Amino acid sequence: METAQSQEQTAPAAFTAFARFVLCGGGVGITSSFAVAALASWIPWALANALITVVSTLLATELHARFTFGAGGRATWRQHAQSAGSAAAAYAVTCVAMLVLQQMVAAPGVMLEQVVYLSASALAGVARFTVLRLVVFTRNRAQAAPTVRTARPLHATAAAASPAVLSYAA
C-alpha cells in the first residue's frame, strides 16, 4: 500500500521548471499566433485574439499544472483563475511598454518595436513564472506531508516517567 507521501510527485527544480515553462508557454504562444491569424480571416482580429487568448491560457495552465510545475494532475478552477489573472497582468505590461514607446518615439521602427515588445514580454514572463511557481502551483507543505500523531501506550508513558512524576500523578 502506497502512502500519501510516496504518491505525491516532487516539484521540479526552479531551472527545470523554468525551462519547461518556456517550452510550454512558447509552444502555446507560437501556435496561438498562427491560430489568431487563421481565425482573423473569418472574424474581426480583436475577437479572434480574445478567443485564442482564452483558449491558449486554459491550455497553458493545464500544461503548467501537469508538466511544468509537477502539480500531479489537472489544474483546479482556482489555478485557472489565478493563471488568467497573471496572464492579464502580463498583457497589461506589454501594452504599457508599447504605449510608453509610442509616447517617447514619434515613429518607432519595426525593430525597435519588436525589441521593446519582446523585452516587456520576457520581463512579464519571468514575473508570471514566479507567480505561477510561488502562488498558483505552490504546494501546501502541511497537506503534502501530514503529521500523524499517535498516543503512546499507557505502560510506555508510565515507564518513561520518573517516580516523582508518578507519585505526583497519583
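Everything quoted here is computed from the prediction, not taken from an experiment. (Residues numbered from 1 in each chain as written. Predicted model: local features only at pLDDT ≥ 70, side-chain atom pairs only at ≥ 80, totals over all residues. Heavy atoms only, no water.)

S.K.: Please give an account of the overall build of the chain that cites residues and values.
M.R.: When you go through the chain residue by residue, the secondary structure sums to eight helices and zero strands. Written out in order from the N terminus, the α and β elements of the chain read α-α-α-α-α-α-α-α. Sorting the 170 residues of the chain into buried and exposed places 24% on the buried side. Partitioning the intrachain contacts of the chain with sequence separation of at least 6 by distance along the chain shows that 64% fall at a separation of at least 24. Surface summary for the chain: the accessible area is close to 11,800 Å², and the carbon and sulfur share equals 70%. (Helix = DSSP H or I, 4+ residues; strand = E, 2+ residues; numbered from the N terminus. Buried < 20%, exposed > 50% of the residue type's maximum accessible area, 1.4 Å probe, protein only. Contact = heavy atoms within 4.5 Å. Areas by Shrake-Rupley, 256 points an atom, 1.4 Å probe, with all protein chains shown as cover.)

S.K.: So what about the pattern of salt bridges? Which residues, and what values?
M.R.: Using the criterion set out here, one finds two salt bridges in the structure. Residues Arg 66 and Glu 62 are paired through a salt bridge, measuring 3.3 Å at the closest nitrogen-oxygen approach. Of this pair, Arg 66 and Glu 62 both sit in helix α3 (residues 45-68), separated by four residues, roughly a single helical turn. Exposure remark for Arg 66: the relative accessible area of 47% places this residue in the partly exposed category. Relative accessible area serves as the criterion here: at 13%, Glu 62 is assigned to the buried category. Here Arg 74 makes a salt bridge to Glu 62, at a shortest N to O gap of 3.9 Å. (Salt bridge = Lys/Arg side-chain N within 4 Å of Asp/Glu carboxyl O.)

S.K.: Which residues make up the packing of aromatic side chains, and what values do they have?
M.R.: On inspection of all chains with the given rule, the structure shows five aromatic pairs. Members of the aromatic cluster, joined through ring pairs, are Phe 18, Phe 21, Phe 69, Phe 129 and Phe 137. Positioned above the aromatic ring of Phe 67 is the side chain of Arg 20, whose terminal nitrogen or guanidinium carbon lies 4.8 Å from the ring centre. (Phe/Tyr/Trp six-rings, centres within 6.5 Å; stacked < 30°, edge-to-face > 60°. Lys NZ or Arg CZ within 6 Å of the ring centre and 35° of its normal.)

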